[in-house]
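Structural overview for review
Each chain, written out:
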Amino acid sequence: SSDVCSSDLKLLDAGVNVALGTDGCASNNDLDMFSEMRCAALLAKIVAADASALPAAQALELATINAARALGLDTVIGSLETGKYADITAVNLDRLNTMPLYNPVSQLVYAAQASQVSHVWCGGKLIFENGELDRKSTRLNSSHALISYAVFCLKKKKKKTNTNIKKKKKKGAE
């Protein structure tokens, strides 16, 4: 509703971490983060009556680093930085709906579709290529298993991060 979107804009303005996510049937029956980013950015503009509200780069941050921060995993995922897991999604922007290409971030948020994802690397390991999930490396049999695997990976990364933090604190106390 517009009240929710208005509140989200106020939260962003106040510096509160606002994130985007999707969970299948509770989110329009899909797992399409491109749709979620587009919807959030467009609704914000309508509610604020301001075309500059929630720009594409900020919408992308809501879906990446802010989402990782909301999960407590921003030190290991959510952005491409030295020391973080190499979780990367490649998107084919050479399609009619994303051409001409003037601003790649705007194209990702406003025009790209989930079907344009060409490759996905998780922890530097290629798990999705040209529409095919590598079931050997992920040991997956269904989309439900993919979600379970993703949650497992996130928990494993969080546990590893917490262990490293505890080691650093212990080492610092010595």
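The shown structure was predicted, so the numbers you read here are calculated from the model rather than taken from an experiment. (Residues numbered from 1 in each chain as written. Predicted model: local features only at pLDDT ≥ 70, side-chain atom pairs only at ≥ 80, totals over all residues. Heavy atoms only, no water.)

Considering the overall build of the chain
When you go through the chain residue by residue, the secondary structure sums to seven helices and four strands. The order of helices and strands in the chain, counted from the N terminus, is α-α-α-α-β-α-β-β-β-α-α. By residue count, 27% of the 174 residues in the chain fall in the buried class. Considering only contacts within the chain whose residues lie at least 6 apart along the sequence, 48% involve residues at least 24 apart. Counting every atom, the chain has about 11,300 Å² of accessible surface; 57% of that belongs to carbon and sulfur. (Helix = DSSP H or I, 4+ residues; strand = E, 2+ residues; numbered from the N terminus. Buried < 20%, exposed > 50% of the residue type's maximum accessible area, 1.4 Å probe, protein only. Contact = heavy atoms within 4.5 Å. Areas by Shrake-Rupley, 256 points an atom, 1.4 Å probe, with all protein chains shown as cover.)

Comments concerning helix α3 (residues 56-63)
Residues Ala 56, Ala 59, Leu 62 and Ala 63 constitute the buried set of α3. Looking straight down α3, one finds its buried side chains confined to an arc of 115°; they lie on one side. (Arc of directions from axis to C-beta.)

A closer look at the sheet that holds strand β3 (residues 125-129)
Two pairing modes exist for strands in a sheet, parallel and antiparallel, and in both the strands are linked by backbone hydrogen bonds. Strand order in the open sheet formed by four strands is β1-β2-β3-β4, with antiparallel pairing between adjacent strands. Each edge of the sheet is formed by a strand with only one pairing partner; in this case those strands are β1 (88-91) and β4 (132-133). Sheet topology places β3 next to β4; two bridges connect them, and they run antiparallel. Note that in β4 the partner of Glu 129 across the bridge is Glu 132. (Pairing = 2+ DSSP bridges.)

Concerning the nonpolar core
Counting residues in each nonpolar core, the largest one holds 19 residues, and the members touching the most others are Leu 12, Leu 20, Phe 34, Met 37, Leu 54, Leu 62 and Val 109. At the level of secondary structure, the elements contributing two or more residues to this core comprise α1 (2-13), α2 (33-48), α3 and α5 (104-110). Ranked by residues supplied to this core, first place goes to α2 with five residues. Not counting the four nearest positions on each side in its chain, Val 109 is found in contact with Phe 34, Met 37, Arg 38, Ala 41, Ala 56, Ala 59 and Leu 60. (Core = buried A, V, L, I, M, F, W, Y, C linked by side-chain atoms within 4.5 Å.)

Thoughts on the side chain of Gln 107
In this fold, Gln 107 is placed in helix α5. For Gln 107, a relative accessible area of 15% gives the class buried. One polar contact links the side chain of Gln 107 to the main-chain carbonyl oxygen of Pro 100, over a distance of 3.4 Å. Excluding its chain neighbours within four sequence positions, the residues that come into contact with Gln 107 are Thr 98, Met 99, Pro 100, Leu 101 and Ala 112. (Polar contact = N/O pair within 3.5 Å; in protein donor to acceptor, adjacent residues only side chain to side chain.)

Some thoughts on the pairing of strand β2 (residues 117-122)
As judged from the four bridges shared by β1 and β2, these two strands associate in the antiparallel manner. What sits directly across from Val 91, in β2, is Val 117. Across four bridges, β2 lies against β3 in antiparallel orientation. Bridging across to β3, His 119 finds its partner in Glu 129. Joining the antiparallel neighbours β2 and β3 is a turn of two residues, in which Gly 123 adopts a positive phi near 60°.

Some remarks on the packing of α2 against α3
In the contact formed by α2 and α3, the axes pass within 9 Å of each other and the chain directions differ by 130°. When the interaxial angle is binned, α2 and α3 end up oblique. The handedness of the crossing between α2 and α3 comes out as right-handed. Side by side, α2 and α3 meet where Met 33, Met 37 and Ala 41 of the first sit next to Ala 59, Leu 60 and Ala 63 of the second. Its residues assigned to classes, the contact of α2 with α3 comprises six nonpolar, no polar and no charged. (Axes fitted to C-alpha atoms, helices over the stretch in contact; angles between N-to-C directions. Parallel < 35°, antiparallel > 145°, perpendicular 65-115°, else oblique. Left-handed = near helix turned anticlockwise from the far one by under 90°. Nonpolar A, V, L, I, M, F, W, Y, C, P; charged D, E, K, R; others polar.)

Re the pattern of salt bridges
In the structure shown here, the tally under the stated rule is two salt bridges. Of the charged contacts in the structure, one is a salt bridge between Asp 74 and Arg 69, with a shortest N-O distance of 3.8 Å. Owing to a relative accessible area of 25%, Asp 74 belongs among the partly exposed residues under this scheme. A relative accessible area of 38% places Arg 69 in the partly exposed class. In this structure, Glu 81 engages Lys 84 in a salt bridge whose closest nitrogen and oxygen atoms are separated by 3.2 Å. The exposure class assigned to Lys 84 is buried, which follows from its relative accessible area of 15%. (Salt bridge = Lys/Arg side-chain N within 4 Å of Asp/Glu carboxyl O.)

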